[in-house]
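Structural overview for review
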Amino acid sequence: MNDLSTTDWIVLVVITLPFVVVWVGTIVEVVRRPDLRGLRAVVWVGALLLFPVVAVAAHVIVRRPRPKAVEVPAGPPTRAERFVELAERRQAGQIDDDAFRAEAAALVPAAQTSG
Amino acid sequence: MSDVDDGGAPRRSRGDVLIDRLAAFLVRSLYREVDVHMSPAAAVVNGPAVVVSNHFGGVADALVLFGVLPRRPGVVARDKIWANRFIGAVLDALGAIPVHKRSDGGGGASNDAMFASCHQALLDGGDVLIFPEGVTRNEPSMAPVKTGAARIALGASAAGCAGLVIVPVGIHYENKAALRSRVFVNVGDPIDVDAFVNERAGESGAPVNSDDHVAVNDLNDHITTALRRAAPDYDDWTEEHLLTHAAEVTVRSLGDEPRARIDRGLRDRLANTLADRPADERTAICEATARYRDDLDAIGYTDGELVGRIGTGRLATGLFLHLVLGIIVLPFALVGAIINVIPFLIVRLVGSRSFSPSLMATVKPLAAAGAFGLMWAVVMWLAWRAIGWPGPLIALVLLPVYLAAVIAFVDRVTVMRRLFRRRRARRSGDTLADDVIEARQAVIEAVAA
């Protein structure tokens, strides 16, 4: 290790290290992707292990962007979501001001503390 | 609009897929955060759709929607921008549809071809995107909605397009002229064109098509209402800032645990509903918010910091964590800074020109894509010269990493400066805290009234 020149150190820290991080990150991403299963996932992981440079670059190019328009509600709506939906229902004229105030009062904390 | 395989949609060529990827990459690079809220009814739309959107900044709006919508729509754009042959070729490749505007001169050239193209795209099961205000806005409000979208929809429906819907979309920019700004896209409830046509046909017995002026105006009213609900529509920028801040305070106070980070989409949706309140209620909310904001300024806190403040060790821990993170990313940020300084300066130079905000929102993303793209191509070429074929591939992987490191480093420095400022202001802050909390509560109560 002591034989490394300054250039070697720079290459190691600035190029090799981040590349390894991206490489590992890519493998983890491919393994965890729900839409990539079976043979295709195996091929991807195999390619990533055998030809890291080519496969990581290929993944950068062909990777599908994050799923658009996520509309799977994760669990029950939060208080904030319920409040905003309430306000939108009032805006759309589906509930009147009194109904809004009654339901909103149940959601909004009476006294706020700084925690 | 749904992403599931729909047999009726036109087959997409490899070129289309490539354009989608490019749009998604550009949007990811140009904007820090792109959040989408789809109303449940909009999420299940699977047939042809006329997408109507508010219009802040020419190219930026179309790009954001390309990156966000499940299916890339054909954009209706004014024919004037085809004048440049290069841009014209790009627009043709994107499947844009030219519309002739009388205000652009040239007399009463017919738009029959535009309507025919739109009808065909919809009959083929595709989507059409139109900015029905017809102009880009420099104000946070909607211009009068023109009847183009309503006429396209009724015309397509009369031509036999079944299952057609009009989808209202509101684009909210945190700062539309800035790069790396945040964007929130609010997709509202679709308008069912079939139901509208059937209802009217039942009333009058006459066929409903795009020549029926009453029907066109009536549908246009529906579109206007839907757009105002989805898109920002404030009196002025002051009202926009204050109502957005009021919404932010309220959303944060409703969180299960006090947190600095909030769901910006929820904030913008709530602010949108506030903009629709009667004038006296809006004034009350704005006044309460202005008072609270002055209090915050006096003690040097933001709302998130005030509420997110937990325990006493927090400040020191926060400082330490940011410092460590900053030191870790520093070497990569340095490389990133060296590579990206020239394109950054070019974009700054472009940004210093006095374009109107809406034109800036077109010019700046284009300049950024061009300048950074060119510089990155140069780096990849240099890497190829240096070590052969793996060079450009490694560069392709690492260039985004270096850029991300620069952004992360700048963010760390900003946060640390804020934390230092906060520590200085802290002593006075503690004595004032009760008054400030009271002012905060007044904001929430005004919003919930």
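Scoring rules and cut-offs
Residues numbered from 1 in each chain as written. Chains lettered and ligands numbered in written order. Predicted model: local features only at pLDDT ≥ 70, side-chain atom pairs only at ≥ 80, totals over all residues. Buried ≥ 20, exposed ≤ 12 C-beta atoms within 10 Å, placed from the backbone. Helix = DSSP H or I, 4+ residues; strand = E, 2+ residues; numbered from the N terminus. Pairing = 2+ DSSP bridges. Expected span 1.5 Å × (residues − 1). Contact = placed C-beta atoms within 7 Å. Nonpolar A, V, L, I, M, F, W, Y, C, P; charged D, E, K, R; others polar. Core = buried A, V, L, I, M, F, W, Y, C linked by C-beta atoms within 7 Å. Axes fitted to C-alpha atoms, helices over the stretch in contact; angles between N-to-C directions. Parallel < 35°, antiparallel > 145°, perpendicular 65-115°, else oblique. Domains from an automatic or database assignment.

**Some thoughts on the pairing of strand β2 (residues 49-53) of chain B**
The side chains of a regular strand alternate between both faces of the sheet. All names here are of chain B. Most of β2 is tucked away, with five of its five residues classed as buried. A two-sided burial pattern is seen for β2, the buried positions comprising A49, V51 and S53 on one face and V50 and V52 on the other. One ladder, built from four bridges, connects β2 with strand β5 (residues 127-130); its direction is parallel. Looking at the pairing, V50 lines up with V128 of β5.

**Some thoughts on helix α5 (residues 112-123) of chain B**
Residues and elements named next belong to chain B. The end-to-end C-alpha distance of α5, which contains 12 residues, comes to 16 Å, matching closely the 16 Å that a straight helix rising 1.5 Å per residue would cover. Along α5, the residues that are buried comprise F115, S117, C118, H119, A121 and L122. On its buried face, α5 is in contact with β3 (74-78), β4 (97-99), β5 and α6 (148-158). Just past α5, the residue G125 takes up positive phi, approximately 90 degrees.

**Considerations on the environment of V216(B)**
Relative to the assigned elements, V216(B) resides in helix α8 (residues 213-230). If we skip the residues at most four places from it in the chain, V216(B) touches T147(B), A150(B), R151(B), L154(B) and S210(B).

**Concerning the interface of chain B and chain A**
Across the contact, 41 residues belong to chain B and 34 residues belong to chain A. Contributions of two or more residues to the side of chain B that touches chain A are made by β1 (31-38), α9 (237-253), α10 (264-274), α12 (303-308), α13 (314-352) and α15 (390-448) of chain B. Looking at which element gives the most residues to the side of chain B that touches chain A, the answer is α15(B), with 13 residues. A per-class count over the side of chain B that touches chain A returns 29 nonpolar, four polar and eight charged.

**Concerning the nonpolar core**
Grouped together as the largest cluster of nonpolar side chains are 74 residues, with contacts concentrated most on V50(B), V128(B), A153(B), I166(B) and I223(B). With sequence-adjacent residues up to four places away left out, I166(B) is seen in contact with V50(B), V52(B), A149(B), A153(B), P190(B), I191(B), V193(B) and I223(B). A87(A), L254(B), L270(B) and V447(B) belong to the second-largest nonpolar core, a separate cluster that totals 36 residues.

**Details of the packing of helix α4 (residues 79-91) of chain A against helix α5 (residues 97-107) of chain A**
Residues and elements named next belong to chain A. Contact pair α4 / α5: the axes reach a minimum separation of 10 Å and the direction vectors enclose 175 degrees. By the angle between their axes, α4 is roughly antiparallel relative to α5. For the pair α4 and α5, contact is made by R79, R82, F83, L86 and R90 and by D97, F100, E103, A104 and L107, respectively. Looking at the contact of α4 with α5, its residues break down into five nonpolar, no polar and five charged.

**Thoughts on the domain arrangement of chain B**
Residues and elements named next belong to chain B. Domain boundaries assigned for chain B yield domain 1 (14-230) and domain 2 (234-449). Computed from C-alpha coordinates alone, the two centres of domain 1 and domain 2 are separated by 30 Å. Contacts between domain 1 and domain 2 engage 24 residues on the former and 22 residues on the latter. In terms of residues, the side of domain 1 that touches domain 2 owes the most to one element, helix α3 (residues 58-68), which gives four residues. Here the residues of the side of domain 1 that touches domain 2 are counted per class, giving 10 nonpolar, eight polar and six charged.

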